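# Summary of the model geometry
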Amino acid sequence: MLILVTYDVDTTLLSGQKRLRKVAKICLNYGQRVQNSVFECVVDFTQYTRLKIQLAEIIDKENDSIRFYRLGNNYESKVETLGVRNEIDLSGNLIL
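What this report covers is the structure whose coordinates are included nearby.

So, how was this worked out
Residues numbered from 1 in each chain as written. Predicted model: local features only at pLDDT ≥ 70, side-chain atom pairs only at ≥ 80, totals over all residues. Heavy atoms only, no water. Buried < 20%, exposed > 50% of the residue type's maximum accessible area, 1.4 Å probe, protein only. Helix = DSSP H or I, 4+ residues; strand = E, 2+ residues; numbered from the N terminus. Pairing = 2+ DSSP bridges. Axes fitted to C-alpha atoms, helices over the stretch in contact; angles between N-to-C directions. Contact = heavy atoms within 4.5 Å.

Attention now moves to the pairing of strand E3 (residues 38-42). Among the five residues of E3, four are classified as buried, and the element is accordingly described as predominantly covered. Relative to E3, strand E2 (residues 31-35) is paired through four bridges, and the arrangement is antiparallel. Looking at the pairing, Gln 35 lines up with Val 38 of E3. Turn length for the E2-E3 hairpin, with the two strands adjacent in sequence and antiparallel, is two residues.

Taken together, the four strands give an open sheet; going across it, the order is E2-E3-E1-E4, and neighbouring strands pair in antiparallel fashion. In the strand order of this sheet, the two ends are held by E2 and strand E4 (65-72), each with one partner. Adjacent strand axes in the sheet meet at a mean angle of 25 degrees, parallel and antiparallel pairs treated alike. Two strands pair when backbone bridges link them, and strand E1 (residues 2-8) and E3 are joined in this way by five bridges, in the antiparallel orientation. For Thr 6, the partnering residue across the bridge sits in E3 and is Val 38. Running over the sheet, helix H1 (residues 14-28) touches E1, E2 and E3 and is turned about 175 degrees from E1. Relative to the sheet, helix H2 (residues 45-58) contacts E1, E3 and E4, its axis offset from that of E4 by approximately 170 degrees.

Laid out in structure tokens, this is it:
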């Protein structure tokens, strides 16, 4: 399923800047950045659960916010891009 992860981390303190980097690094393990604080991730239910747990352990629940949008398995018709499209096809083959 495709999920969209958006976050807002309070970076007024140094600890917030560190949390922001950690949140981005975890999201990169599951998908690709499509905007500054927005990631698209193609995951199964277990990976989705693991991602939420990892992020919940990092954020400051009093000052930070993370939102998850589950677009499901038929997401191709639900995502539309205007302007520059800087993403890779997550369902395609990856050649290293």
